[in-house]
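Overview (structure and organization)
What follows is the residue order along each chain.
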Amino acid sequence: MIYDNIPRFDLPRDFIAGEIEGNSLLKLYSNFPCRIKAGIFVLCLRGTIRATINLTEKMIRANDLVILAPDSYIQAYEVSEDIQLCFAGFSSEFVSYTDFVQTTIEFLSSAYQAPVISLPDQTVGLYVRALRLLADICVIPEGITGRKTIQAILNLFIHTVSELYKKDFAQPQQPHFRQQEIYKEFLSLLMKHYHEEHHVSFYAGKLGLSLQHFSSTIRKVSGRNPMEIINNMIVMEAKVQLKTTNQPVKNIAFNLGFTNVFFFHRYFRRHAGVTPQAYRGGEVFVSSKRQIKTPK
């Protein structure tokens, strides 16, 4: 079954904000990974969510701020019944209008590496008030319509969250700081090139590093080797396209840089545990920790 009728991770207007209570909406995104097109800021007020964000499993709790940059991947595995969230989102079309990626590359790489930040107690109230004010603005007919004003709101969130990242990532030891920078640069390159570049040597070369030094650095920072991260990214995107589009498997393989469909079948089965057709049909989804039956 192709999930043609599920909500997409984009917004129907430039800007939207509000609150979510209960887990019924979030359960729609538990069966397979979704690629976020919008830029979304989410503050957890109550409850918990166990999710995979950008290939890393996270447990989201009260007072956690989640930053879903455009082109992030998310899959929610467990959502508590008492979940309560505040959020503000900016559509992909508006993000393109503001040239968001080019002007916030450092912020994006930090958000991709660490999409969940635990807010200090003295900061939580400020974010709650700001998000609720934005939610009130959204329901006022004569509210914000000018893109310049919306862009100012987006910039405010980017700058305040960037300050949190600077504090969290401040590293007194220069060697460790450089390792973090290499990892962030690798993720930025991977987001741009994973459709056509699948080899570790390409990314090492782009960063001007030897293959051995590059691989050992990525493993030290992330606990995974670069090839594993590249494979996870490719398989994640394949899963998204299989579940949210009607494209033939052959086209999806070509979109992801595979010139041989048979090789793509074998590659997907090795990393996902099932064939592309079986995954698309909803027979079974194999996560890193368990098997989840998807609804027919």
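Computed from a predicted model, the values in this text were never measured in an experiment.

**A short note on the sheet that holds strand E4 (residues 49-53)**
Read across the sheet, four strands follow the order E2-E7-E4-E5 without closing on themselves; strand pairing throughout is antiparallel. What marks the edges here is a single partner per strand, and that holds for strand E2 (34-35) and strand E5 (56-60). Two strands pair when backbone bridges link them, and E2 and strand E7 (residues 73-79) are joined in this way by two bridges, in the antiparallel orientation. If you follow Arg35 over to E7, its bridge partner there is Tyr73. In the packing of helix H9 (residues 226-244) onto the sheet, the strands contacted are E2, E4 and E7, and the crossing angle to E7 comes to about 75°.

**Focus: the nonpolar core**
By size, the foremost hydrophobic cluster in this structure holds 40 residues, and its most contacted members are Phe186, Phe214, Phe264 and Phe268. For this core, the secondary structure elements donating two or more residues are helix H6 (174-193), helix H7 (200-206), helix H8 (211-222), H9, helix H10 (249-255), helix H11 (261-272) and helix H12 (276-281). A per-element tally of this core places H9 first, with nine residues.

**Things to note about the sheet that holds strand E6 (residues 64-68)**
Spatial ordering of the open sheet is given by E1-E8-E3-E6-E9, a layout of five strands whose pairing is antiparallel. Two strands close off the open sheet at either side, each with one partner strand: strand E1 (15-21) and strand E9 (116-118). Between one strand axis and the next, the sheet turns by 15° as a mean value, whatever way the strands run. Bridge analysis of E1 against strand E8 (residues 84-90) gives seven bridges, and the strand direction is antiparallel. Following the sheet pairing, Glu21 is matched in E8 by Gln84. Strand contacts of helix H4 (residues 121-138): E1, strand E3 (39-46), E6 and E8, with the helix running at about 115° to E1, the strand carrying the most contacts.

**Comments concerning H9**
The first and last C-alpha atoms of H9 sit 27 Å apart over 19 residues, in line with the 27 Å expected at 1.5 Å per residue. Among the 19 residues of H9, 16 are classified as buried, and the element is accordingly described as predominantly covered. Sitting at the head of H9, Asn225 places a side-chain oxygen 3.1 Å from the backbone nitrogen of Met227.

**A few points about the packing of aromatic side chains**
If you walk through the whole model with that rule in mind, you get twelve aromatic pairs. Each ring, one from Phe186 and one from Tyr203, has its centre 5.5 Å from the other, and the planes form 80°; the classification is edge-to-face. With a gap of 17 residues between them, Phe186 in helix H6 and Tyr203 in helix H7 connect regions that are remote in the sequence. Here Phe186 and Tyr203 have matching classes, each one buried.

**Regarding the side chain of Glu237**
Within the secondary structure, Glu237 is located in helix H9. In this structure Glu237 comes out as buried when scored by relative accessible area, which is 1%. A polar side-chain atom of Glu237 sits 3.4 Å from a polar atom in the side chain of Tyr194. Aside from chain neighbours lying at most four places away, what touches Glu237 is Arg35, Tyr73, Tyr194, His195 and Leu256.

**What about H11?**
In this model H11 runs 16 Å from its N-terminal to its C-terminal C-alpha over twelve residues, within 8% of the 16 Å that 1.5 Å per residue would give. Within the span of H11, buried status applies to Phe264, Tyr267, Phe268 and Ala272. Considered in projection along H11, the buried side chains sweep an arc of 105° and stay on one side of the axis. Exposed and facing more than 90 degrees away from the buried side of H11 are Phe262, Arg269 and Arg270. A distance of 2.9 Å separates the backbone nitrogen of Phe262 from a side-chain oxygen at the start of H11, and that oxygen is part of Asn260.

**Notes on the pattern of salt bridges**
Per the stated rule, a full pass over the model turns up seven salt bridges. In this structure, the salt-bridge partner of Arg46 is Glu21, at a minimum N-O distance of 3.9 Å. Of the two residues, Arg46 sits in strand E3 while Glu21 sits in strand E1, which places them 25 residues apart along the sequence. Residue Arg46 is classed as partly exposed on the basis of its relative accessible area of 36%.

**A short note on unusual backbone geometry**
Positive phi values are uncommon outside glycine, yet Asn63 reaches one of about 80°. Relative to the helices and strands, Asn63 is located in the loop between E5 and E6. You can call Asn63 partly exposed: its relative accessible area is 26%.

About the criteria used
Residues numbered from 1 in each chain as written. Predicted model: local features only at pLDDT ≥ 70, side-chain atom pairs only at ≥ 80, totals over all residues. Heavy atoms only, no water. Pairing = 2+ DSSP bridges. Helix = DSSP H or I, 4+ residues; strand = E, 2+ residues; numbered from the N terminus. Contact = heavy atoms within 4.5 Å. Axes fitted to C-alpha atoms, helices over the stretch in contact; angles between N-to-C directions. Core = buried A, V, L, I, M, F, W, Y, C linked by side-chain atoms within 4.5 Å. Buried < 20%, exposed > 50% of the residue type's maximum accessible area, 1.4 Å probe, protein only. Expected span 1.5 Å × (residues − 1). Polar contact = N/O pair within 3.5 Å; in protein donor to acceptor, adjacent residues only side chain to side chain. Phe/Tyr/Trp six-rings, centres within 6.5 Å; stacked < 30°, edge-to-face > 60°. Arc of directions from axis to C-beta. Salt bridge = Lys/Arg side-chain N within 4 Å of Asp/Glu carboxyl O.

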